Amino acid sequence: MPELSDIWNVLILRDYNTRLVVICTILLGCACGLMGGFLLLRKRSLMGDTLSHATLPGVGLSFMLLVALGGDGKSLPILLAGAGITGVIGCAAVLFIREQTRIKDDAAMGIVLSVFFGAGVAILGVIQKMPEGSAAGLESFIYGKTASMVMSDFHILVFITVCVITCSLLLFKEFRLLCFDENFAAVLGWPVKFLDILLLTFITAVTVAGLQAVGLILIIAFLITPAAAARFWTNQLDRMLMLSALIGAASGWIGASLSAFFPRLPAGAVIVLVAALFFVLSMLIGTERGVMIRSLRQSQLEKRMGRQHLLRALYEIMEGGRVTEELNIRTVPFRQIRGRRTWSDRQLRDYIRRAYNEGLVEAPNKVDSILLTETGLVEAKQVTRNHRLWEMYLIEYADVATSRVDRDADMVEHILGDKMVTRLENKLQAYRIAGSLVPQSPHPIDPGD
Amino acid sequence: MQIEETAIACKSPPLTIRDLTVAYHRKPVIWDIDLSIPEGKLVSIVGPNGAGKSTLIKACLDLIPRTSGEINIYGQSYKKMRNRVGYVPQRETVDWDFPVSALDVVAMGTYGKLGWFRRVSKRSKALSMEALERVGLADYAHRQISQLSGGQQQRTFLARALVQDADIYFMDEPFAAVDAATERAIVELLKELQKRGKTVLVVHHDLATVPQYFDWTVLLNMRVVAAGPTDEVFTQENLRRTYGGKLTLLTQAANEVVQSR
């Protein structure tokens, strides 16, 4: 077990040997995060997976070529170039199958992915039998092995990742348009096919650059996971990409450092697990679309609706079907409110308790009846008025059957803001009953007994 | 010479189509379309489902390859005239969950005049904001697009077409599933565009409102059944020829329409 100080030394890159690897994976994470964002929004995640699996035969073939030319087959640029070439051929194969036959995308990708990967495994098998070459390094492309990086690799990877990061920042506007609405991009005269190829080229570049560190099976996770995690935090593409790059970089940093300590832990797996941790955390606590914020919003909506339902029920019961300017507050039996809607005793009592805390109803000391306060009456009048305005708007303009309006109105009313209500009010001036703030309910009100 | 050519281009009608046939998977979707749209008209394209209305628009915009025929916009190919063309696609064609704001989407209308790598300028943003105001969405500029209602999303698309500042607009079902407020906003916008001399082609599905909203109509069912001023071509006979047996339900609506005129 390493000392804490050792861990710290690695994390702050004090150790020269790990410095290379860690910087490399940080840059790679950054590039993957950026490109993954576009890949995710272009809905091409599985294409990325096909691409990465299709790199394996390229690695094997270029190794064989190098050996045949008398080398030892360890030249990284050549291996990566080979990987890129078969990767792109794989993608082209998917597109070809999709265009020329009626086979759907997912099936085409499934076929291409497994066939190319199978071919790659077969080629590696052949290489192992070759007397000249040792295929020892090549499996690291499948699962990833950062420890095998050397200084010259470092230069190549830094070059690729920095290029990709710069280009994708320059082409932010173009890629955003392409991912959002490619037809519109074409109408404006942007070369959509070319942009698509450019995007695919960058994806290929980061995939190939990541082969050594993360491995071809897991690289797709390194592309997609940070982007998916970032989406939980923001609704703006620029922020999402920044965050995605940050999460990618952090995963690379932590993952590579960890695997520097525990040489038995394959770097690719650790990096992906760290990224997955970020994803799970984001999914739970993401401030824009996380699970918690969503359920919080949902329960707030329910409470607000419950409060308004209670107030309106009270108001309508007191009104007793007549429209009057001044309403006298009177107690309303619990049973009568209970009968107005499909709510449970427990729910209703919960709403009443909350209303009491807000000072809208008098202390419900007697369980059997409820009495609005003056504030409660004002509020109830307002709620009922809003509801009826909206209800009438629906009847007037939206061709909704009268019997269905009530329920719809209940839903929409709580989503509309005050501003819209004011606008509605102006529009529906004609429907107002002279001198009254509250227009009559357009459908007969069930007294609820 | 130069001046003369320009003068001819100006006189050419906004859209002329000759012998247009488009086929998917060897099955023709529209065939032998001949059409000439005069300047400054609000034109509805009407026909049953699968009649090729969207296909016609997409062919005009070079979005799908045509099997044969020629399409000219102001007398020239689309490629040369694209900066005079505005487009409102069907609302469902994009992912409204995409992380952009309404303003971002509208600003995309200015990308045609922006070069490579150039960022969206302050001026483009101001123009986009203005367009949002015109469709009544100024307060929603910074909302993420999934938080807009269907009608508001449609109006966002319209605003995007407005900043394209085109002379001929193609709109694919802008009235589909919108609320009454949006419908009125779109109609007002159409009238305003017409007042400024623009030509607008709208794929429309609501027969009842055709005579009210549009002064020109193209009845389409794989081929052009009739095209011309709405008063002349929007007759029960032509509708029957367009919709065929499917008109049973529609006869009533058509009757009402004819009577209301």
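All of these numbers come straight from a predicted model, not from anything done at the bench.

1. Section: the overall build of chain B
Helix and strand counts for chain B stand at eleven helices and nine strands. Per-residue burial for chain B yields a buried fraction of 53% across its 261 residues. For chain B, the share of sequence-separated contacts (at least 6 apart) that also reach a separation of at least 24 residues comes to 69%. By element, 50% of the accessible surface of chain B is carried by carbon and sulfur atoms, the whole surface being about 12000 Å².

2. Points about the environment of F202(A)
Residue and element names in this part refer to chain A. Assignment of secondary structure puts F202 in helix α11 (residues 192-214). Through-space distance from the C-alpha of F202 to that of S344 is 57 Å; in sequence the pair is 142 residues apart. Sequence-distant contacts of F202, defined by excluding residues within four places in its chain, comprise M35, V164, C167, S168, L171 and F175.

3. What about the packing of aromatic side chains?
All chains considered together, the criterion is met by twelve aromatic pairs over all chains. Put simply, the rings of F180(A), W96(B), F98(B) and F157(B) pair up and form one aromatic cluster. We note R349(A) situated over the ring of F334(A); from NZ or CZ to the ring centre the distance is 4.0 Å. The residue whose ring lies beneath R160(B) is F184(A), and the NZ or CZ to ring-centre distance is 3.4 Å.

4. Considering a nonpolar patch on the surface
Residues and elements named next belong to chain A. A cluster of nonpolar side chains, namely L277, V280, L281, L284, I285, V291 and M292, defines an oily patch on the protein surface of about 610 Å² accessible area. Secondary structure elements with two or more residues in the nonpolar patch: α14 (267-285) and α15 (291-319). The biggest single contributor to the nonpolar patch is α14, with five residues. With respect to the element layout, V280 can be found in helix α14. With relative accessibility at 41%, the residue V280 sits in the partly exposed group.

5. Considerations on the sheet that holds strand β1 (residues 15-24) of chain B
The strands that make up a sheet are held in pairs by hydrogen bonds between backbone atoms, and each pair lies either parallel or antiparallel. Residues and elements named next belong to chain B. Ordered by their spatial adjacency, three strands build an open sheet running β2-β1-β4, and the pairing between neighbours is antiparallel. Each edge of the open sheet carries a strand with a single partner, namely β2 (27-37) and β4 (68-73). If you compare each strand with its neighbour and ignore which way they point, the axes differ by 20 degrees on average. Bridge count for β1 against β2 is seven bridges, and the pairing is antiparallel. Each residue of the ladder has a partner; that of T16, found in β2, is S36.

6. Quick notes on the interface of chain B and chain A
The interface is formed by 36 residues belonging to chain B together with 33 residues belonging to chain A. Buried area between chain B and chain A, summed over both chains or domains, comes out near 3200 Å², and the portion from carbon and sulfur atoms is 62%. Where chain B packs against chain A, one counts four salt bridges. Residue assignment for the side of chain B that touches chain A shows that the elements contributing at least two residues are α4 (102-107), α6 (150-163) and α7 (180-195) of chain B. Top element by residues in the side of chain B that touches chain A is α7(B). It accounts for three residues. Considered class by class, the residues forming the side of chain B that touches chain A number 19 nonpolar, seven polar and ten charged.

7. Description of the packing of helix α3 (residues 45-53) of chain A against helix α6 (residues 105-129) of chain A
When two helices pack together, their arrangement is given by the angle between their axes and by how far apart the axes lie. Residue and element names in this part refer to chain A. Orientation of α3 relative to α6, taken along the N-to-C sense of each, is 20 degrees, at an axis distance of 8 Å. One element, α3, and the other, α6, form an angle in the roughly parallel class. Note that α3 runs across α6; the crossing there is left-handed. Here α3 contributes L46, M47, D49, T50 and H53 to the contact with α6, which in turn contributes M109, V112, L113, F116 and F117. Residues that form the contact of α3 with α6 fall into these classes: seven nonpolar, two polar and one charged.

8. Looking at the confidence of the model for chain B
As a note on interpretation, predicted positions should not be read in detail where pLDDT is low. All names here are of chain B. On average, residues of chain B score 87 in pLDDT, and 90% of them are at 70 or above. The spread of mean pLDDT over the elements of chain B runs between helix α1 (residues 2-11), the lowest at 51, and strand β7 (residues 199-203), the highest at 97. Low confidence marks residues 1-9, where pLDDT is under 50. Its contacts with residues over four positions away, or in another chain, come to two contacts. Prediction confidence for the complex, expressed as pTM and ipTM, is 0.83 and 0.90 respectively.

9. Here's the deal with the pattern of salt bridges
For the coordinates displayed, the defined rule picks out 23 salt bridges over all chains. Where E174(A) meets K173(A), a salt bridge forms, and the shortest distance between an N and an O atom there is 3.4 Å. Residue E174(A) is classed as buried on the basis of its relative accessible area of 2%. What makes K173(A) buried here is its relative accessible area of 5%. One salt bridge in this structure joins R18(B) and E70(B), with 2.7 Å as the shortest N-O distance. Taken together, the residues span a long stretch of sequence, with R18(B) in strand β1 and E70(B) in strand β4 at a distance of 52 residues. Through salt bridges with shared partners, one network takes in R42(A), R44(A), E182(A) and D196(A).

Calculation criteria
- Residues numbered from 1 in each chain as written.
- Chains lettered and ligands numbered in written order.
- Predicted model: local features only at pLDDT ≥ 70, side-chain atom pairs only at ≥ 80, totals over all residues.
- Heavy atoms only, no water.
- Helix = DSSP H or I, 4+ residues; strand = E, 2+ residues; numbered from the N terminus.
- Buried < 20%, exposed > 50% of the residue type's maximum accessible area, 1.4 Å probe, protein only.
- Contact = heavy atoms within 4.5 Å.
- Areas by Shrake-Rupley, 256 points an atom, 1.4 Å probe, with all protein chains shown as cover.
- Phe/Tyr/Trp six-rings, centres within 6.5 Å; stacked < 30°, edge-to-face > 60°.
- Lys NZ or Arg CZ within 6 Å of the ring centre and 35° of its normal.
- Patch = residues over 30% accessible without salt bridge, like charges linked within 9 Å, V, L, I, M, F, W, Y side chains within 5 Å.
- Salt bridge = Lys/Arg side-chain N within 4 Å of Asp/Glu carboxyl O.
- Pairing = 2+ DSSP bridges.
- Axes fitted to C-alpha atoms, helices over the stretch in contact; angles between N-to-C directions.
- Buried area = accessible area lost by both parts, 1.4 Å probe.
- Nonpolar A, V, L, I, M, F, W, Y, C, P; charged D, E, K, R; others polar.
- Parallel < 35°, antiparallel > 145°, perpendicular 65-115°, else oblique.
- Left-handed = near helix turned anticlockwise from the far one by under 90°.
- pLDDT = per-residue confidence, 0-100.

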